[in-house]
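Here are the chains, one letter per residue:
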Amino acid sequence: MPDVQELLEPRGIELTATHKPLGRTPAHALVLAVQKGTDGDGRVVLPAGEQRKLSPVLEAAAALRVGGGADEVTLVPAPSGLPFTVVALTGVGDLPAGGPERAEALRRAAGAAVRRLAGTDSAVLALPVVSEEDAAAVAEGAALGAFAFSHQRSVTAGSVKAPLVSAVVHAPDVARTALSRILDRATALGRGVRAARTLVDLSPNVIYPEAVADYARQAAKGTKVSVTVLAEKDLAKGGYGGLLGVGQGSVHGPRLVKLEYSPARASRHYAYVGKGITFDSGGLSLKPPASMMTMKSDMAGAAAVLATVLTAAELGLPVKVTGWLCLAENLPSSTATRPGDVITIRGGRTVEVLNTDAEGRLVLADGLVAACEEAPDAVVDIATLTGAQMVALGSRTFGIMGDDALRAAVADAARAAGEDGWQMPLPEHLRPSLDSKVADLKNIGDKNGGMLVAGLFLREFVGGPDGARVPWAHVDIAGPSFNEGSPYGYTPAEGTGAGVRTLVRLLEDSAAARG
C-alpha cells in the first residue's frame, strides 16, 4: 500500500488570497471568467480597473468566439506588461446573481480552470468575487480541482500531470479576516475530498478491509480523532452477523472501524455510518464480469465518512461526530454466505439472505445498530447501495431518504455544498415485500423501487436504547461516487469524493443552528 502521508496529501494545493491589482501578483496563469452570451459569444468578466491592461484578452476571446459554457476553458497568451504567461478563460455559464447556484457556477469554473492548468505551478483566480460566499466557492473549486491519481503507476507515472501547486484568489472586496477563515476551510475540505477519492481509486488488492482500518489509524494520528477497530473475533463476540456474513467468503476478514471526534462543549452528536465493501463480486449471487469492473468504488461511503470525521476535527467544529466504517470484501468461495442462509444482525434481528449481492444493507445494519446504541442526536448512513439509484436519478444525483426533518436538512446541506441530492420517499406499501417466511425479514424485496426498498430495510435497524427513536437519513451515492466518464468541473474521472461536502455542511449547519 502506498505511504499514508502521501495519500493524505498533507500539503495539497496552496491557497492564498490577495486584494492587490492583478499586475502585483506574478503567476504562470491568470484565470478570468466568461459569461455565456445570448448570441453564442461569451462575455469576459474583468476585475474593476483592469479594462485597459486586459483589452488584448477581450480581442482574443472575440476572435476565438469563446462561448462561456460550463467546463469550457480556453487558453490565450497573456498581454505584455502583466506578470503572467497565459490567461485561462473559464466559463461560468449564465452566472446567477446569488445563492447556491451562483456559488456552484464559480466553484465549477475555478475547478475546471485548475484542472486545465495541471502541470503548471501557479495561478491567480480573478473570477467575479463580490462576497464571502463567492470567495469560498472559488477557493473550494481550486482545492477540489487540484487532484491527480498516480500512486499505482510506475513507468507511466510521468504521463500524469501534477496538480496546480498554488492558487491565489483575487478578492479585493472581501475582508482579510474572512478570507483567512475561508481559505482554511477550503484547504481542509479539499484535503478530505481528495483523500476519499484516493481511497476509492486504489485497487482492491491493496485497499481491503484491514488496509482501510490501518489507513484510518495512521490518518488519525496527531488529530483529535480516536480510532477503535473490531476484527473477526471482536465482531463475533459483539454479534455483528452482517459484517461476518458478507466477509466470510474472503481471506481478507471484515472490520468495523469506529472514529470519534468529541470536542469539549459539543452542541450535538451526529453518527455517520459508511458502507465499505472494498470489492463487490456479488458473492455467490455473482455479478456479470462487466459489472465488477468499477466495484472497487463500493467502499465510497466509508471513504466519505472517514474523510468527514477527519475534516470536522481539522476545522474544529463544535459537534461530536462518530464515524462507523463497515468494511468487508464480498467474494464467492466455499465459505461464502449462500442464498437462503439466515444471519443475525447485532441486536438480534434475523435476516434471510436471498441475494448475496444485496450485501451493503447487511453491513450497514450492523453499523446502524451500533451507532444508535450510543443515542446520538441524528444518524446518517451513506452508501453506494443500489443500481436502482442510478436508474431513478442518474449518475450525478444521489437519493436521500429517511425521517422528514433530517432528510430535508441533508438535502439543504447538499444544495448549499454544491452537491446534487434529491429527497425520496419510503412508501409503506413496499415494506411487506421484505417479510420473510423463515426469518424476521429478508434482504431483498420488490424489484420496482429498489432504492426505496433498500431504505426501508435499513430503517428496520434504526432505534436508540429502550426503543427511543433516533432521527435517521440514508444517502445512496451509487452513481455520484464514481465518474466513469470524462472529468468535468472540479470532478475527476473515477472516485469523486461524493458526500463529503454534504456531510461536513450538515455538521456546520447544526452547529450554526445551536449558536
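Up top is the structure.
Within every chain, residues take consecutive numbers counted from 1 along the sequence as written. Reporting of local features is limited, given that this is a predicted model, to residues whose pLDDT is at least 70; pairs of side-chain atoms are given and counted only at 80 or more, and all residues count toward the totals for whole chains, interfaces and linings. The side-chain quantities take in all heavy atoms of the structure and omit both hydrogens and water.

DSSP bridges decide pairing: two strands pair if at least two such bridges lie between them. Each helix is a run of H or I in the DSSP string that is no shorter than four residues. Each strand is a run of E no shorter than two, and both are numbered from the N terminus. Taken in spatial order, the eight strands of this open sheet run S8-S9-S11-S10-S14-S18-S15-S16, and their pairing is mixed. Each of the sheet's edge strands pairs with one partner strand only, and the pair in question is strand S8 (225-230) and strand S16 (421-423). Across this sheet, the average inter-strand angle for adjacent strands is 20°, counted without regard to direction. It only takes one pair of heavy atoms within 4.5 Å for two residues to be counted as in contact. The axes are straight lines fitted to the C-alpha atoms, using for helices just the contacting stretch, and the angles between their N-to-C directions are given from 0 to 180°. Sheet contacts for helix H15 (residues 500-514): strand S10 (269-280), strand S11 (320-330), strand S14 (378-383) and strand S15 (398-402); angle to S10, the most-contacted strand, approximately 175°.

This part covers the state of the cysteines. Note on terminology: disulfide describes a covalent bond linking the sulfur atoms of two cysteines. In this description, the term disulfide denotes a pair of cysteine sulfurs within 2.5 Å. Enumeration according to the criterion identifies zero disulfides in this entry. In this structure Cys326 is not part of a disulfide, and its nearest cysteine sulfur, from Cys372, lies 12 Å away. By relative accessible area, which is 0% here, Cys372 ends up buried. Residue exposure (1.4 Å probe, protein chains only): buried if accessible area is under 20% of the type maximum, exposed if over 50%, otherwise partly exposed.

A few words on empty space enclosed by the protein. Space inside and on the surface of the protein is sampled on a 1 Å grid over the protein atoms alone, with a cavity defined as a set of points where a 1.4 Å probe fits but cannot get out and a pocket as an open set with protein on both sides within 12 Å along at least 5 of 7 lines; lining residues have an atom within 4 Å of a point. Grid points are joined across faces, edges and corners, and a volume is the space filled by probe spheres set on the points. Evaluated as defined, the whole model comprises two cavities of 30 Å³ or more. A volume near 90 Å³ is recorded for the largest cavity. Lining the largest cavity are 13 residues, with Gly245, Val246, Asn330, Thr337 and Thr356 positioned closest to its centre. Amino acids are sorted into nonpolar (Ala, Val, Leu, Ile, Met, Phe, Trp, Tyr, Cys and Pro), charged (Asp, Glu, Lys and Arg) and polar (every other residue, Gly among them). Here the residues of the lining of the largest cavity sort into six nonpolar, six polar and one charged. Its volume calculated, the second largest cavity comes out at about 40 Å³.

You can see Ala175 is positioned in the loop between strand S7 (166-170) and helix H5 (176-201). In this structure Ala175 comes out as partly exposed when scored by relative accessible area, which is 44%. Spatially, the C-alpha atom of Ala175 lies 33 Å from that of Val305, the residues being 130 residues apart in sequence.

By the element assignment, Thr25 lies in the loop between strand S1 (14-18) and strand S2 (29-35). Setting aside residues no more than four positions away along its own chain, Thr25 makes contact with Thr18, Lys20, Pro83, Phe84, Val124 and Val168.

A few words now on the sheet that holds strand S17 (residues 441-442). Strand order in the open sheet made by the three strands is S12-S13-S17, with mixed pairing throughout. The sheet is open, and its two borders are formed by strand S12 (341-344) and S17, each paired with just one other strand. Sheet topology places S12 next to strand S13 (residues 350-353); four bridges connect them, and they run antiparallel. Each bridged residue has a counterpart across the sheet, and for Thr344 the counterpart in S13 is Thr350.

Let us now look at the layout of surface pockets. To locate leftover empty space, one rolls a probe as large as a water molecule over the atoms. Of the voids in this model, the largest pocket is the one considered here, and its volume is about 950 Å³. If you go around the largest pocket, you meet 42 residues; those closest to its centre are Lys287, Leu385, Thr386, Gly387 and Ala388. If you list the elements that add at least two residues to the lining of the largest pocket, you get S10, helix H9 (289-292), helix H11 (360-372), helix H12 (387-393), helix H14 (450-459) and strand S19 (482-483). Its residues assigned to classes, the lining of the largest pocket shows 14 nonpolar, 17 polar and 11 charged.

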